[in-house]
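Commentary on secondary and tertiary structure
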Amino acid sequence: MKKRLVLGSALACGALLLTGCGNNKEYKTLNCTLSRKDTDNGYELASEYKAYYTESGSKKVVTKVETVETVTSENESLLKQFEDTLNNTYKTLDEAYGGYDFKVTNQNGKVESKTTIHYADMDLKKLVKENSEMKAYMDSDNNLTYDGVKSMYEAQGATCK
């Protein structure tokens, strides 16, 4: 049970740690994938993250992130816990900071979360004030950086390219 809640929290933390600021420049993408199998608790996790960023000189600023996170299990109770945790987490984050569009579904032995985080719509000052650890992933203007996103996902075990 504790491992399930930790994983649910890890999924939600990944969403919280993504911040930045939007602009109208040409977008490039950073793609990251993560997969885990927890045989003790009977589930598999597959996550795909697509970070859109702009580049101006040496400055790379993330403007949006799209995620697809899928938990597969034969345990319906476990899937319901993941569904509830993801819905509650994204709702809370959106109410606190704005910028989140998400849909969580639970069907056919899997929970799938599709989320888009729009940084131009977020209250970034409030986010940084309430989560000082965010500064490690941001530049001096509170923009999420390419290097910040990449290091954050890789620290969770993702492969990025």
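Everything discussed here concerns the structure shown above.
Model, not experiment: these values are computed from the prediction.

Regarding the overall build of the protein
- Secondary structure assignment for the protein yields four helices and six strands.
- Starting at the N terminus, the α and β elements of the protein follow one another as α-β-β-β-α-β-β-α-α-β.
- When burial is assessed residue by residue, the protein has 47% of its 161 residues classed as buried.
- Here the analysis covers contacts within the protein between residues at least 6 apart in sequence; of these, 64% occur between residues at least 24 apart.
- On the protein, roughly 8500 Å² of surface is accessible, and the fraction owed to carbon and sulfur atoms is 46%.

With respect to the nonpolar core
- Core analysis: the largest hydrophobic core is formed by 37 residues, its most contacted members being Leu30, Cys32, Val62, Met122, Val149 and Tyr153.
- At the level of elements, β1 (28-38), β2 (43-56), β3 (59-73), α2 (76-97), β4 (100-107), β5 (110-118), α3 (124-130) and α4 (146-155) are the ones that each hand at least two residues to this core.
- Sort the elements by how many residues they give to this core and α2 lands first, with seven residues.
- Setting aside chain neighbours within four positions, we find Leu30 in contact with Tyr49, Lys50, Ala51, Tyr53, Tyr146, Val149, Lys150, Cys160 and Lys161.

Here we look at the sheet that holds β1
- Within the open sheet, the six strands sit side by side as β4-β5-β3-β2-β1-β6. Their pairing is antiparallel. The outermost strands of the open sheet, each flanked by one partner alone, are β4 and β6 (159-160).
- Summarising the sheet, β3 and β5 pair through nine bridges and their orientation is antiparallel. Residue Thr70 lies in a different strand from β5, and its bridge partner there is Glu112.
- Along the sheet, α4 contacts β1, β2, β3 and β6; its crossing angle with β3, the most-contacted strand, is approximately 25°.

Quick notes on unusual backbone geometry
- One non-glycine residue with positive phi stands out, namely Asn108, at about 55°.
- Of note in this structure, Asn142 is not a glycine but carries a positive phi near 65°.
- Looking at the secondary structure, you find Asn142 in the loop between α3 and α4.
- Judged by relative accessible area, Asn142 falls into the buried class, the value being 17%.

Comments concerning the pattern of salt bridges
- Going through the model one piece at a time under the given rule, you end up with nine salt bridges.
- The salt bridge partner of Glu112 is Lys114, with a shortest N-O separation of 3.8 Å.
- Under the relative-accessibility criterion, Lys114 is labelled partly exposed at 48%.
- A single salt-bridge network, built from bridges that share partners, covers Lys59, Asp139 and Asp141.

Some points on the packing of aromatic side chains
- The final tally for this structure, using the stated rule, is six aromatic pairs.
- Arranged with centres 5.2 Å apart and planes meeting at 65°, the rings of Tyr43 and Phe82 form a pair that is edge-to-face. Of the two residues, Tyr43 sits in strand β2 while Phe82 sits in helix α2, which places them 39 residues apart along the sequence. Accessibility assignment for this pair places Tyr43 and Phe82 in one class, buried.
- Plain terms: the ring middles of Tyr49 and Tyr153 are 4.1 Å apart, the flat faces sit at 20° to each other, and that makes the pair stacked. Here the residue Tyr49 occupies a position in strand β2, and Tyr153 occupies one in helix α4, the gap between them amounting to 104 residues. The residues Tyr49 and Tyr153 share a single accessibility class, namely buried.
- Connected via pairs of aromatic rings, a cluster forms that spans Tyr90, Tyr100 and Phe102.
- A cation over a ring is seen here: Lys60 above Tyr146, with NZ or CZ 4.4 Å from the ring centre.
- One cation-aromatic arrangement involves Lys64 over Tyr52; the distance from NZ or CZ to the ring centre is 4.6 Å.

Calculation criteria
Each chain has its residues counted from 1, running along the sequence as written. pLDDT decides what is reported in this predicted model: residues at 70 or higher carry local features, side-chain atom pairs at 80 or more are listed and counted, and totals for whole chains, interfaces and linings draw on all residues regardless. Heavy atoms throughout the structure, all of them, feed into the side-chain values; hydrogens and water do not. Each helix is a run of H or I in the DSSP string that is no shorter than four residues. Each strand is a run of E no shorter than two, and both are numbered from the N terminus. Working definition: with a 1.4 Å probe on protein chains only, accessible area under 20% of the residue-type maximum means buried, over 50% means exposed, and in between means partly exposed. Residues are treated as being in contact if the distance between any of their heavy atoms lies within 4.5 Å. A 1.4 Å probe and the Shrake-Rupley method give the accessible areas. Residues count as covered only by the protein chains that appear here. Grouping buried Ala, Val, Leu, Ile, Met, Phe, Trp, Tyr and Cys residues that are joined through side-chain atoms within 4.5 Å yields what is termed a nonpolar core. Strand pairing is assigned whenever DSSP identifies at least 2 bridges connecting the two strands. Under this scheme, a helix contributes an axis fitted over its contacting stretch, all axes are lines through C-alpha atoms, and angles between N-to-C directions fall in the 0 to 180 degree range. Salt bridge criterion: a side-chain nitrogen from Lys or Arg within 4 Å of a carboxyl oxygen from Asp or Glu. Pairing of aromatic side chains requires ring centres within 6.5 Å, counting the rings of Phe and Tyr and the six-membered ring of Trp. Pairs whose planes differ by under 30 degrees are stacked, by over 60 edge-to-face, and all others tilted. As a reminder, the over-ring test applies to NZ of lysine and CZ of arginine, requiring each to be within 6 Å of the ring centre and within 35 degrees of the ring normal.

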